[in-house]
Amino acid sequence: MATAFAPGKCILFGEHAVVYGHPAVAVAIDQGVQVSLTNSKNWTIDGHSFSHSRHPHISHIINDLFKYKGSPLNIEIKSDLFSAAGLGSSAALSNAMGAALHYFLNKDEDLNLIKLAKIAHSAEAIAQGGRASPTDTAASALGGCIVVSGKEVEGTINVFKTSLDTPEGERNWVINKVIIPPESEDIYLILGFTGDASPTGNMVQGVANLLKSNPDKINVMDSISKITLAGLSALSAGNFEAVGIAMNACHSKLQDLEVSTHSLDRLVDAVRPYSLGAKMTGAGGGGCIVALSRNPQRVAEEIEIAGGSPLISKLGSNGVRIV
Ligand code: PMV
């Protein structure tokens, strides 16, 4: 038996602008996906017959990346993430699967987190028509707080570079890490799910259309980039009041990009009085908000009263691990 757990993530700053080469900051959260592998007579997943076409990530990891030729496996998946909510559940599944299979085959060899991040990114790309940013997979593999950018970002630690052949040509990213200071001990992230699915591809396309019809909106991307860098230096300095202010500013720029919704705005408004800052997180159009607060229970209650579903996490959980 081999069991691995990989965390989900939320984006603190820079969603959408990252598509245009600006930096984005993501943190691993406490909730995630656990995968257990056991030998079996037939290939099964959660007690059902395993279908390669229904699980392209897992199939790609088993066959193309690990070139697994052993006996059939039973794959059990447990998740405490909302799915299609922008919390990186499929990246967490790919990382947990990669780690569990690595451990199943080589119990004495430590996990190589960068290799796992790349394996999971490749699996995400296969499942998403060749396009995937490495944000979710890197945050889930490495844990903590990461910055994804087209270039190295001052004040961060460079961890690895990665590229992907997409239908639009080769894309390159630098993955950097930020050390979260100890002052964060009493600070929590509270996610609030609207209950609406977050359609990443549609939202990215919608922003591209908006920029085409209204080219001045490119200034919004530059503003998000400046807010991201300000939020990042506040985070590194342990100035969480300033991190919250930057989150509020980021939300208003995402509203200018027309990716927030009435439900997201309602949750953001409900939690702001009890938070240092709050914003939508991820692609928008549905999905989640994220609030930063020293009073997580109160924020969670306000999310429920406003009709959302809360999750409470520390700021920057550990990355993928064998359990
Ligand atoms: O898939 P989500 O909801 O975590 O957010 C995607 C972030 C975007 O910047 C909108 C898209 C991307 O590829 O980075």
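Residues numbered from 1 in each chain as written. Predicted model: local features only at pLDDT ≥ 70, side-chain atom pairs only at ≥ 80, totals over all residues. Heavy atoms only, no water.

Our focus in this paragraph is the sheet that holds strand 11 (residues 288-293). Sheet strands pair by backbone hydrogen bonding; their relative direction is either parallel or antiparallel. Overall, antiparallel pairing links the four strands, which are arranged 10-11-9-12 in an open sheet. Each edge of the open sheet is held by one strand with a lone partner, namely strand 10 (277-281) and strand 12 (309-314). Along the sheet, successive strands turn relative to each other by an average axial angle of 25 degrees, direction set aside. Sheet topology places strand 10 next to strand 11; five bridges connect them, and they run antiparallel. Bridge pairing in strand 11 links Met-280 to Ile-289. (Pairing = 2+ DSSP bridges. Helix = DSSP H or I, 4+ residues; strand = E, 2+ residues; numbered from the N terminus. Axes fitted to C-alpha atoms, helices over the stretch in contact; angles between N-to-C directions.)

By a widespread convention, an interface's size corresponds to the accessible area lost as its parts come together. Here the protein is described as being made up of domain 1 (2-181) and domain 2 (182-314). Distance from the C-alpha centre of domain 1 to the C-alpha centre of domain 2: 23 Å. Between domain 1 and domain 2, the contact holds 33 residues from the first and 48 residues from the second. Here domain 1 packs against domain 2, burying approximately 3,100 Å² in sum over the two surfaces, 71% of which is carbon and sulfur. Considering only the surface of domain 1 that becomes buried against domain 2, Phe-13, His-16 and Pro-181 emerge as the three largest contributors, covering 26% of it. Taken together, the connections running from domain 1 to domain 2 amount to two salt bridges. With a shortest N-O distance of 2.8 Å, Glu-15 and Lys-279 are connected by a salt bridge. Counting across the interface, domain 1 meets domain 2 through 13 residue pairs in polar contact (both at pLDDT 80 or more). Elements that contribute at least two residues to the side of domain 1 that touches domain 2 include exactly strand 1 (2-13), strand 2 (24-39) and strand 6 (145-149). Ranked by the residues each element gives to the side of domain 1 that touches domain 2, the list is headed by strand 2, at six residues. (Domains from an automatic or database assignment. Contact = heavy atoms within 4.5 Å. Buried area = accessible area lost by both parts, 1.4 Å probe. Salt bridge = Lys/Arg side-chain N within 4 Å of Asp/Glu carboxyl O. Polar contact = N/O pair within 3.5 Å; in protein donor to acceptor, adjacent residues only side chain to side chain.)

Turning to the packing of aromatic side chains, a few remarks are in order. Taken as a whole, this structure holds three aromatic pairs when the rule is applied. Their ring planes at 40 degrees and their centres at 6.1 Å tell us that Trp-43 and Phe-50 sit as a pair that is tilted. On the basis of relative accessible area, Phe-50 is assigned to the buried category, the value being 8%. Where Trp-43 meets Tyr-68, the ring centres are 5.8 Å apart and the plane angle is 85 degrees; that geometry is what we call edge-to-face. You can see Trp-43 sitting in the loop between strand 2 and strand 3 (44-45) and its partner Tyr-68 sitting in the loop between helix 1 (56-65) and strand 5 (73-79), a full 25 residues away along the chain. Taken together, the ring pairs connect Trp-43, Phe-50 and Tyr-68 into an aromatic cluster. (Phe/Tyr/Trp six-rings, centres within 6.5 Å; stacked < 30°, edge-to-face > 60°. Buried < 20%, exposed > 50% of the residue type's maximum accessible area, 1.4 Å probe, protein only.)

On to the packing of helix 6 (residues 218-237) against helix 7 (residues 240-256), then. One way to put it is that helix 6 packs onto helix 7 with a least axis distance of 8 Å and a crossing angle of 165 degrees. In terms of orientation, helix 6 and helix 7 fall into the roughly antiparallel class. As for how helix 6 packs across helix 7, the hand of that crossing is left-handed. Where helix 6 approaches helix 7, its residues Val-220, Ser-223, Ile-224, Ile-227, Gly-231, Ala-234 and Leu-235 are matched on the opposing element by Phe-240, Ala-242, Val-243, Ala-246, Ala-249, Cys-250, Lys-253, Leu-254 and Asp-256. Of the residues that constitute the contact of helix 6 with helix 7, the class distribution is 12 nonpolar, two polar and two charged. (Parallel < 35°, antiparallel > 145°, perpendicular 65-115°, else oblique. Left-handed = near helix turned anticlockwise from the far one by under 90°. Nonpolar A, V, L, I, M, F, W, Y, C, P; charged D, E, K, R; others polar.)

Neighbouring the ligand are 13 residues, the closest being Lys-9, His-16, Val-18, Thr-200 and Ala-283. The backbone of Gly-86 places a nitrogen or oxygen atom 3.5 Å from an oxygen atom of the ligand. Thr-200 is positioned such that a nitrogen or oxygen atom in its side chain is 2.9 Å from an oxygen atom of the ligand. Residue classes in the shell around the ligand are distributed as five nonpolar, six polar and two charged. (Near = heavy atom within 4 Å.)

Positive phi is not limited to glycine here, since His-16 has a value of about 70 degrees. Mapped onto the fold, His-16 is located in the loop between strand 1 and strand 2. The phi dihedral of Lys-67 is positive, around 45 degrees, even though this residue is not glycine. Tracing the backbone shows Lys-67 in the loop between helix 1 and strand 5.

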